[in-house]
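Close look at the chain arrangement
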Amino acid sequence: MLNIKEIPVQGYQKVIEATNPDVNLHCFIALHNCKLGPALGGTRIRSYANPQDALNDVLLLSKAMTYKSAIVENGLGGGKSVIIANPLKDKSEALLLSFAEVLNYLKGTYIAAEDMGTTTEDMVILKKKTPYVCALPTEKSSGDPSRFTAWGVFQGIQSVSQKLWHTTSLRKKVIAIQGLGNVGSKLANILFWEGVELIFCDIDPEYVHKMCLLYGAEAVEAKDFFSVKCDILAPCALGGILNDETIPLLKCKGVAGGANNQLLRPEHGLQLMQRGILYAPDYIINSGGITNAAAEFDSAGYNPKRVRDKVNHIHDLLLEVFNRSERERKPPNQVADEIAEYNILHEVGKRTEPIAFKTQ
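Below: a short report on this structure. (Residues numbered from 1 in each chain as written. Predicted model: local features only at pLDDT ≥ 70, side-chain atom pairs only at ≥ 80, totals over all residues. Heavy atoms only, no water.)

What to know about the packing of helix H4 (residues 146-165) against helix H11 (residues 313-328)
- Running from amino to carboxyl end, H4 crosses H11 at an angle of 40°, the nearest separation of the two axes being 8 Å. Note on packing geometry: the crossing formed by H4 with H11 is right-handed. Residues Gly152, Gln155, Gly156, Gln158, Ser159, Val160, Gln162 and Lys163 of H4 lie in contact with H11, whose contacting residues are Ile314, His315, Leu318, Leu319, Phe322, Asn323 and Glu326.
- Looking at the contact of H4 with H11 residue by residue, the classes come out as five nonpolar, eight polar and two charged. (Axes fitted to C-alpha atoms, helices over the stretch in contact; angles between N-to-C directions. Helix = DSSP H or I, 4+ residues; strand = E, 2+ residues; numbered from the N terminus. Left-handed = near helix turned anticlockwise from the far one by under 90°. Contact = heavy atoms within 4.5 Å. Nonpolar A, V, L, I, M, F, W, Y, C, P; charged D, E, K, R; others polar.)

Let's talk about the pattern of salt bridges
- Applying the stated rule across the entire model yields 23 salt bridges.
- The residue glutamate 6 makes a salt bridge to lysine 14 at a minimum N-O spacing of 3.5 Å.
- The shortest N-O distance in the salt bridge between arginine 324 and glutamate 328 comes to 3.1 Å. Taken as a pair, arginine 324 and glutamate 328 lie in helix H11 at a separation of four residues, close to a single helical turn. (Salt bridge = Lys/Arg side-chain N within 4 Å of Asp/Glu carboxyl O.)

Details of the sheet that holds strand S7 (residues 174-178)
- Pairing is parallel in the open sheet, where six strands are placed in the order S9-S8-S7-S10-S11-S12. Of all strands in the sheet, those bounded by a partner on one side alone are strand S9 (218-219) and strand S12 (278-279).
- Pairing geometry for S7 and strand S8 (residues 197-201), over five bridges, is parallel. Residue glutamine 178 lies in a different strand from S8, and its bridge partner there is cysteine 201. (Pairing = 2+ DSSP bridges.)

Details of the sheet that holds strand S5 (residues 77-84)
- Spatial ordering of the open sheet is given by S1-S2-S3-S5-S4-S6, a layout of six strands whose pairing is mixed. Strands at the two margins of the open sheet, each flanked by one partner only, are strand S1 (3-6) and strand S6 (110-114). In this sheet, neighbouring strand axes are inclined to one another by 20° on average, regardless of whether the strands run parallel or antiparallel.
- With six bridges connecting them, strand S3 (residues 25-33) and S5 associate as antiparallel partners. Across the sheet, residue asparagine 33 finds its bridge partner in S5, namely glycine 78.

The quantities given are spatial measurements derived from coordinates; they are silent on function.
Right under this line is the structure:
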């Protein structure tokens, strides 16, 4: 029996919690702001310690999606969904189909895509019961967004290099990647061919060993990641990793990675600036994925070459943020927030035509 209830949360357009004990579904969907268009954000499946942790995560992630879409002007709002489950053990077709019914409850104000713990094949299952899903592995869909996310992170790393060393060349630079999932592994491949000296950190030691052999990289344990000496730190796993405990340990000149919500609190951006560490705001540098998914709803249809060209703009957008940060003596995350908030307030990039959802 599916049960859906709305949870009032100040500053959020709508937050719902849904359960279906018959298929072990327990999920949250948060719509932060839909002023510029319907919300689009990934569906994350993760073994949260408790429901409150899951709710906190979906609230943070959905707000980040609002700012991400606003700053890249893709005509979408911010939303996110999380399912409390072990993606390796608990994920089932029945659970996903029940979640699809939850998506239908929101009537297109939220569009789901793949995220941590889900795949493009999971989106195909959702599509059986709901039209409010994208990033499917089909000819007319945008598919796996991770290659575009990784390419955008690479563009961001080059902009950090340009600001710090006045060159986009990364040859012989030392870059430490935390998290070798879909995005981190693709980023590693790009950086290898750019001549980067790589350091890897991941929760799977066997996979790290395999990747180190493939790319001639070094491995570092999780407890030592933030104190590793490198030029650029690239967090590509979970959020909240830049905080009071980790920032004093950093031995890098820049932080530029694909993880969401890297700063535990906004003031940690100021702490990085005070330490002379250049921070690439996460929702800009990792916006390649949402740019790819949003392109699925272009009037002319999805075109990967157009997406690539849009993602390349991440480089210039970050340089604009870095230069304004230096000029105004504000941390980059504050500058990015101000740009996104301006776009929301003045409806810059607002969608002018509604999305025509198709059942097939």
